[in-house]
Amino acid sequence: MTTRVALVTGGTGGIGTAICRHLAKLGHKVATNYRDETKARAWQEAQRKDGFEFAIAPGDVADAAAAEAMVREVEKQLGPIDILINNAGITRDTTFHKMNALQWQEVINTNLGSCFNVTRPVIDGMRNRKWGRIVQISSINGQKGQYGQANYAAAKAGMHGFTISLAQENAKFGITVNTVSPGYVGTDMVMAVPEDVRAKIVAQIPLGRLGEPDEIAYAVGFFADERANWITGANLAINGGQYMGW
Ligand code: CAA
Ligand code: NAP
């Protein structure tokens, strides 16, 4: 197995931490970004106690200049980035008739704008080296829509449009580009949904429970694998059976 350099955006969050740890267990060198240095250092220290050494670099993925500086800092610490996981994301849930421009823009810029902001400074190196793995973390709600999430569903659906275009443009450079679309996973993001609303959502999941971050990380590791050479432009839904559209 070849050791690669992986950048996981939003690596300090629920799903991001599981992805960082899984990629590290697969033998890769892993970095993530942060906005709050104190919080990120505490996270890094906690991971170290569990035996994981992660690089961290400052960067708001919604800001193109900050994202580029973050990429350059990771390259300085670990070397060229071979695996990029666009995972950082937020929600600003509210029905559309109550949504303000800030709630729309924050979600679009963070969840979709970040794909441009972070991938753009990484792609040239991957093309020059003729190898790369890019995975977008989209959502079940990008596939099916969700009451209260016009902003989020639009951004998450857009992420897969990004995937399938990049997949076509970069196939001849040995770069695969895929999407993972998780259903409801028990992280802070989902725990912020009011309990009564959440209970109704869980009742719609055939497998009868929220997902675990490790169950998403496993799929990311699959797409990042050397042997996944011929898988590109795919969208893998991992949602306990809540949405089975294709
Ligand atoms: N289907 C149909 N009607 C619904 C509904 C649904 N899914 N959800 C709410 N409603 C109805 C309510 O019953 C209520 O109806 P009445 O007015 O007739 O009583 C009405 O909508 C309430 O509408 P409001 O505009 O007043 O909404 P609100 O301000 O109370 O907030 C909400 C509504 C923000 C959408 C809230 O229901 C909510 O948080 N829903 C969960 C949204 C969600 O799933 N977010 C996912 C977060 S996690 C994540 O994003 C990760 C991931 O990718 C899966
Ligand atoms: P989370 O625990 O809230 O973590 C989100 C991470 O993104 C945090 O590390 C956060 O950093 C980072 N982040 C947010 N905005 C950022 C910005 N502007 N710049 C840099 N980093 C930023 O959420 P999660 O549940 O792990 O979600 C991870 C991804 O999976 C998201 O894209 C989410 O939409 C997607 N997803 C989640 C679920 C689910 O059920 N949980 C389902 C489908 C898809 P800070 O600490 O600085 O805020």
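Values in this document were obtained by computation on a predicted structure and should not be read as measured data.

1. Points about the UniProt feature "domain: Ketoreductase" (unreviewed entry) in the chain
Residues annotated in UniProt with the feature "domain: Ketoreductase" (unreviewed entry) correspond here to residues 4–183. As annotated, residues 4–183 comprises 53% helix and 18% strand, and the C-alpha atoms at either end are separated by 28 Å.

2. Some remarks on the site of ligand 2
Residues in contact with ligand 2 amount to 28 residues; listed here are only the nearest, Lys39, Asn87, Tyr152, Val185 and Thr187. Between an oxygen atom of ligand 2 and a side-chain N or O atom of Arg35, the distance comes to 2.7 Å. The contact in question runs from an oxygen atom of ligand 2 to an N or O atom on the side chain of Lys39, over 2.6 Å. Protein chains bury 90% of the 900 Å² of accessible surface belonging to ligand 2 in isolation. Those elements giving two or more residues to the shell around ligand 2 turn out to be α1 (14–25), α6 (150–170) and α7 (188–191).

3. Comments concerning the packing of helix α3 (residues 64–78) against helix α4 (residues 101–129)
Packing of α3 against α4 leaves a shortest axis separation of 8 Å and a crossing angle of 45 degrees. Between α3 and α4, the angle is such that the two are oblique. Judged by the sense of rotation from one axis to the other, the crossing of α3 with α4 is right-handed. For the pair formed by α3 and α4, the contact residues are Ala64, Ala67, Glu68, Met70, Val71, Arg72 and Glu75 on the first element and Asn117, Val118, Pro121 and Val122 on the second. Broken down by class, the residue content of the contact of α3 with α4 amounts to seven nonpolar, one polar and three charged.

4. Let's talk about the pattern of salt bridges
Opposite charge on two side chains permits them to pair, given that their charged atoms come into close proximity. Considering all chains together, one arrives at 13 salt bridges under this definition. Between Glu226 and Arg4 there is a salt bridge, with its nearest N and O atoms 3.1 Å apart. Taken as a pair, Glu226 in the loop between α9 (213–224) and β7 (235–238) and Arg4 in the segment before β1 (5–8) lie far apart in primary sequence, 222 residues in all. Salt bridges sharing partners connect three or more residues here, namely Glu45, Arg48 and Glu53.

5. Quick word on the pairing of strand β4 (residues 83–86)
Covered by surrounding structure in β4 are Ile83 and Ile85 together with Leu84 and Asn86, the residues of both alternating faces. Pairing analysis gives three bridges linking β1 to β4, with the strands arranged parallel. Looking at β4, one finds that Leu7 is bridged to Leu84. Here β4 pairs with strand β5 (residues 132–137) via four bridges, running parallel. Looking at the pairing, Ile83 lines up with Arg133 of β5. Once you follow β4 into α4 and on to β5, the crossover reads as right-handed.

6. Regarding unusual backbone geometry
Although it is not a glycine, Lys130 sits at a positive phi angle of roughly 60 degrees. Note on placement: Lys130 falls in the loop between α4 and β5.

Scoring rules and cut-offs
- Residues numbered from 1 in each chain as written.
- Chains lettered and ligands numbered in written order.
- Predicted model: local features only at pLDDT ≥ 70, side-chain atom pairs only at ≥ 80, totals over all residues.
- Heavy atoms only, no water.
- UniProt positions renumbered as here; feature names shortened; annotations may be inferred.
- Helix = DSSP H or I, 4+ residues; strand = E, 2+ residues; numbered from the N terminus.
- Near = heavy atom within 4 Å.
- Polar contact = N/O pair within 3.5 Å; in protein donor to acceptor, adjacent residues only side chain to side chain.
- Areas by Shrake-Rupley, 256 points an atom, 1.4 Å probe, with all protein chains shown as cover.
- Axes fitted to C-alpha atoms, helices over the stretch in contact; angles between N-to-C directions.
- Parallel < 35°, antiparallel > 145°, perpendicular 65-115°, else oblique.
- Left-handed = near helix turned anticlockwise from the far one by under 90°.
- Contact = heavy atoms within 4.5 Å.
- Nonpolar A, V, L, I, M, F, W, Y, C, P; charged D, E, K, R; others polar.
- Salt bridge = Lys/Arg side-chain N within 4 Å of Asp/Glu carboxyl O.
- Buried < 20%, exposed > 50% of the residue type's maximum accessible area, 1.4 Å probe, protein only.
- Pairing = 2+ DSSP bridges.
- Right-handed = clockwise from strand over helix to strand, strands pointing away.

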